[in-house]
Amino acid sequence: MTGRELRESCIAYIADRRCPDGGYCFYRLNEPNAADTFFALDILRLFGAVDADPATARWLLSRQQDDGRYPVFETGYYALLALGILRTPPRYDPAPWVRSVVPPAPGAERPVESESALHRPYLYARLCRHTGIRIAPAVRVGLLAAVHASRTPEGGHATLVEASQALAIRAAVGAPVCGDGAAAFLQRCTHPEYGYVNVPGTSPAYLEHVAAGVAAARLLEVTPSPAAGPFVLKCLTPAGGFARSVFGGTATLETTWTAVRILRLIDTGHDSLRVSDEKRMGVL
């Protein structure tokens, strides 16, 4: 499949999942959510195919409450990032709400399904960087403390996803992104068939693991594994989206976004994406 065919296939897949009121839902019912709407719009952004969409903008604006808050952190996170793609400001200044939902301290309990202790700190840092909201000095200290607490005695992390998020947090708060420990851990997670695995010496890999490896490689300014791109393309489904693995499964807007993001980070010469822009926006 050529690059143009892939682009057209993914755009058609996204269009088929747009809800009548403007949001998006991967299972094609009129039950839009902020996450799927962000994934859909960001795929279009990566392909350079974002058009003005007043209905989607209105739906996203309606997610914010009259006091400027959002009912759930993730809803606000995805809604604000999606509005940024549409170049539409929120109804109310989100900064007071963002500052009121600081990430948990190191060692706090996290959802059982989370692969990383840094998941919420990563989202928080990325949201602040994307929206231009200044991270308070005390919160910056807390974010870096969470990164430090997540490190293993050998200088790595429990998983590649966690290592990648640690690097992204450091970049978002303006701390140096370097260290032999991170580069060495990334190398240990490199796999000749999948590109990257989440834990050294394991298999198989899933898209989010490969995405973590490619993002970490870009932040460390090293060349991503040459196996990453072929692995992603094997996850393409007849529906036009991408499944989570090469072993089949249902494509979702999230897994399709993950796949397209990997391919665009590998293809740094593509006009619709520059790695430096992704760093600036907090996408990496």
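Check the entry above for the structure.
The rules we used
Residues numbered from 1 in each chain as written. Predicted model: local features only at pLDDT ≥ 70, side-chain atom pairs only at ≥ 80, totals over all residues. Heavy atoms only, no water. Helix = DSSP H or I, 4+ residues; strand = E, 2+ residues; numbered from the N terminus. Expected span 1.5 Å × (residues − 1). Buried < 20%, exposed > 50% of the residue type's maximum accessible area, 1.4 Å probe, protein only. Arc of directions from axis to C-beta. Contact = heavy atoms within 4.5 Å. Phe/Tyr/Trp six-rings, centres within 6.5 Å; stacked < 30°, edge-to-face > 60°. Lys NZ or Arg CZ within 6 Å of the ring centre and 35° of its normal.

**So, helix 10 (residues 207-219)**
End to end, helix 10 covers 18 Å across 13 residues, agreeing with the expected 18 Å (1.5 Å per residue, within 8%). When you tally the buried positions in helix 10, you get 12 out of 13 residues, the bulk of the element. The set of residues buried in helix 10 consists of Leu207, His209, Val210, Ala211, Ala212, Gly213, Val214, Ala215, Ala216, Ala217, Arg218 and Leu219. Of the residues one or two after helix 10, Glu221 is the one with positive phi, at around 60°.

**Looking at helix 9 (residues 180-188)**
For helix 9, the complete set of buried residues consists of Ala182, Phe185 and Leu186. Take helix 9 and look down its axis: the buried residues cluster within an arc of 100°, on one side only. Exposed residues lying more than 90 degrees from the buried face of helix 9 are Asp180, Gln187 and Arg188. In the core, the buried residues of helix 9 are packed alongside helix 8 (160-172), strand 1 (190-191), strand 2 (195-196) and helix 10.

**Notes on the packing of aromatic side chains**
What the rule picks out here adds up to 11 aromatic pairs. Taking 5.8 Å as the distance between ring centres and 90° as the angle between the ring planes, the aromatic pair formed by Tyr194 and Phe231 counts as edge-to-face. You can see Tyr194 sitting in the loop between strand 1 and strand 2 and its partner Phe231 sitting in helix 11 (residues 228-234), a full 37 residues away along the chain. Each member of the pair, Tyr194 as well as Phe231, carries the same accessibility label: buried. Grouped by ring-pair contacts, the aromatic residues Phe38, Phe39, Tyr70, Phe73, Tyr77, Tyr78, Trp97 and Trp257 constitute a single cluster. Of note, Arg63 hangs over the ring of Trp59, and the distance from its end group to the ring centre comes to 4.3 Å. When the ring centre of Tyr206 is taken as reference, the NZ or CZ atom of Arg244 above it lies at 4.0 Å.

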